[in-house]
Amino acid sequence: MSLKKIAELTGTSVSTVSRVLNQPGHTCHDPRLFDQIWKTAAALNYLPNPAARNLRLGHQEDKPPFTADIFLTRFDTMDQDPFFRELYQHIKKELREHNCHLGELQTLTDITRLSALSSVPDRIPFRSTSQIHSEKSVHSPALITPKQDTGLIILGRCPSKFVPLLKKRYPFLIGIDRNPTNFEYDEIICDGVAAAEKAVEYLISLGHRDIAYIGNCSFESRYIGYYQSLLNHKIPLDYDNIHPSSQTMEEGERIMEAILRSSHLPSALFCANDCTALGVLEALKKHKKRGYLPSIISIDNINDSQKTTPLLTTIDIPKKEMAHLAVTLLVDRRNEARDENIRIELPSRLIVRESCTWH
């Protein structure tokens, strides 16, 4: 299937289609066009050039094309988490380069529905296609048959109760996250504790001691790294500086507005992710407080962090490398190269920009 055909069906140019499908991080001026191109490519079973060339030349692969589904553990759409959206783009590129197919996007809602069926036996009564469609029920046992020659890439922390179900449904699993599991499946991680400590240590090096935290506080590695750094420097943990959040831009803006209305204004804020920090900066822009210019640092280094005013200081998580290793290990597992689960940890790095100042 050619890029020209996809361009015709989506009403755009071949060059636009090529950029969307082949350049991770590329965004269209119209998000709807971006989604339409990918949906059309998936519907047409778009193959990367090497695979398409082999088919045209009559070469047969030793194995059928390998498919990888994606499990987004925190939100129902990629739009709610720019970090995973950018990571997803890199994963799609890696799958194409490995001649693999991109499968379905699964969310926590989808997996929760499947979990309700986990007690159904592996052998199920036969149902015709018409019967399945007529039932119109997501709880049909026919929907939980194991997927053959399909892997699952887990983006984010997977609730442990779902792991046995996922292993039953998928023969190959790999996770990408900041919080490691107990080697329940292959993992590519960038330690959230170390990333948070790097962020807070930088704020402390600038002279800050009154440092607020905005982010998830429930068994969250970044929260652990935050208070561990304070303890290491004998800075008391002030619970007035702890602001639990679902780590969205909207939450960051709301929490910062509440801080501005309070009598306690921290000199610095550590946000668990860039998305939260974007909301914080937006609130500071809308509701300026005379003489109050807190230092702000976060984690992820998403594309939008380079477009803020001031430019956002952040901890870079190596998304491209994580995607490359995840797909490589998934294909490696599929090729039966090993039996043991492994974990690869990648380092984070500080990106100093304009949002942090000396205290």
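Description of the structure in this document. (Residues numbered from 1 in each chain as written. Predicted model: local features only at pLDDT ≥ 70, side-chain atom pairs only at ≥ 80, totals over all residues. Heavy atoms only, no water.)

Considering the overall build of the protein chain
So, point 1. Scanning the protein chain from terminus to terminus reveals 13 helices and 12 strands.
So, point 2. Residues counted as buried form 49% of the 359 residues belonging to the protein chain.
So, point 3. A separation threshold of at least 6 residues defines the contact pool for the protein chain, and within that pool the share at least 24 residues apart is 71%.
So, point 4. Total accessible area on the protein chain is roughly 18,000 Å²; 52% of this is exposed by carbon and sulfur atoms. (Helix = DSSP H or I, 4+ residues; strand = E, 2+ residues; numbered from the N terminus. Buried < 20%, exposed > 50% of the residue type's maximum accessible area, 1.4 Å probe, protein only. Contact = heavy atoms within 4.5 Å. Areas by Shrake-Rupley, 256 points an atom, 1.4 Å probe, with all protein chains shown as cover.)

Quick notes on the sheet that holds strand β9 (residues 295-300)
So, point 1. One open sheet accounts for six strands, arranged β7-β6-β8-β9-β10-β12; its pairing is mixed. Two strands in the sheet have a free side with no partner beyond their single neighbour: β7 (242-244) and β12 (349-351). On average, each strand axis in the sheet is inclined to that of its neighbour by 20°, with strand direction left out of account.
So, point 2. Pairing geometry for β9 and strand β10 (residues 313-316), over four bridges, is parallel. Residue pairing in the sheet places I297 in a bridge with T313 of β10. (Pairing = 2+ DSSP bridges. Axes fitted to C-alpha atoms, helices over the stretch in contact; angles between N-to-C directions.)

Structural notes on the packing of aromatic side chains
So, point 1. Tallying each qualifying case throughout the model produces eight aromatic pairs.
So, point 2. Here Y213 and Y223 contribute two aromatic rings whose centre-to-centre distance is 5.2 Å and whose plane-to-plane angle is 40°, an arrangement assigned as tilted. One end of the pair, Y213, is in strand β6 (residues 211-215); the other, Y223, is in helix α10 (residues 221-232), with 10 residues separating them in the sequence. Taken as a pair, Y213 and Y223 share a single burial class, namely buried.
So, point 3. Centroid distance Y223 to Y226: 6.4 Å. Interplanar angle 20°. Geometry classified as stacked. Taken together, the positions of Y223 and Y226, both in helix α10 and three residues apart, correspond to about one turn of that helix. (Phe/Tyr/Trp six-rings, centres within 6.5 Å; stacked < 30°, edge-to-face > 60°.)

Some words on the pattern of salt bridges
If charged atoms from side chains of opposite charge come close, those side chains can pair.
So, point 1. The tally for this structure, following the rule as stated, stands at 14 salt bridges.
So, point 2. Ionic pairing is found between K147 and D69, a salt bridge with its closest N-O pair at 2.6 Å. Pair noted here: K147 is in the loop between α7 (129-135) and β3 (150-155) and D69 is in strand β1 (residues 67-72), with a separation of 78 residues, a long-range link. The burial state of K147 is the same as that of D69; both residues are buried.
So, point 3. Taking the shortest distance from any N to any O, the salt bridge between D186 and R333 comes out at 3.1 Å. Separated by 147 residues along the polypeptide, D186 in strand β5 (residues 186-189) and R333 in helix α13 (residues 319-334) bring together distant segments of the chain.
So, point 4. Overall, the relative accessible area of 13% leaves R333 in the buried class. (Salt bridge = Lys/Arg side-chain N within 4 Å of Asp/Glu carboxyl O.)

What to know about the sheet that holds β3
The pairing of strands in a sheet happens through backbone hydrogen bonds and is either parallel or antiparallel.
So, point 1. Pairing is parallel in the open sheet, where six strands are placed in the order β2-β1-β3-β4-β5-β11. The open sheet terminates on both sides in strands that have one partner only, identified here as β2 (101-107) and β11 (343-345). If you compare each strand with its neighbour and ignore which way they point, the axes differ by 20° on average.
So, point 2. Looking at chain direction, β3 and strand β4 (residues 172-177) are connected through five bridges and run parallel. Its bridge partner lying in β4, L155 is registered against I176.
So, point 3. Sheet contacts for helix α6 (residues 108-115): β1 and β2; angle to β2, the most-contacted strand, approximately 80°.

With respect to the pairing of β10
So, point 1. Of the two faces of β10, the one lined by T313 and I315 and the one lined by T314 and D316 are each fully buried.
So, point 2. The sheet contact formed by β10 and β12 spans three bridges and is antiparallel. Each residue of the ladder has a partner; that of I315, found in β12, is L350.

A word on the nonpolar core
In a soluble, globular protein the nonpolar side chains are often hidden away together inside.
So, point 1. With 53 residues, the main nonpolar core has I91, I153, L155 and F270 as its most contacted residues.
So, point 2. Setting aside chain neighbours within four positions, we find L155 in contact with I70, F71, L72, T73, M78, F84, L87, I91 and I176.
So, point 3. Core analysis: the next-biggest nonpolar cluster, separate from the first, contains 16 residues, L281, A283, I296 and L312 among them. (Core = buried A, V, L, I, M, F, W, Y, C linked by side-chain atoms within 4.5 Å.)

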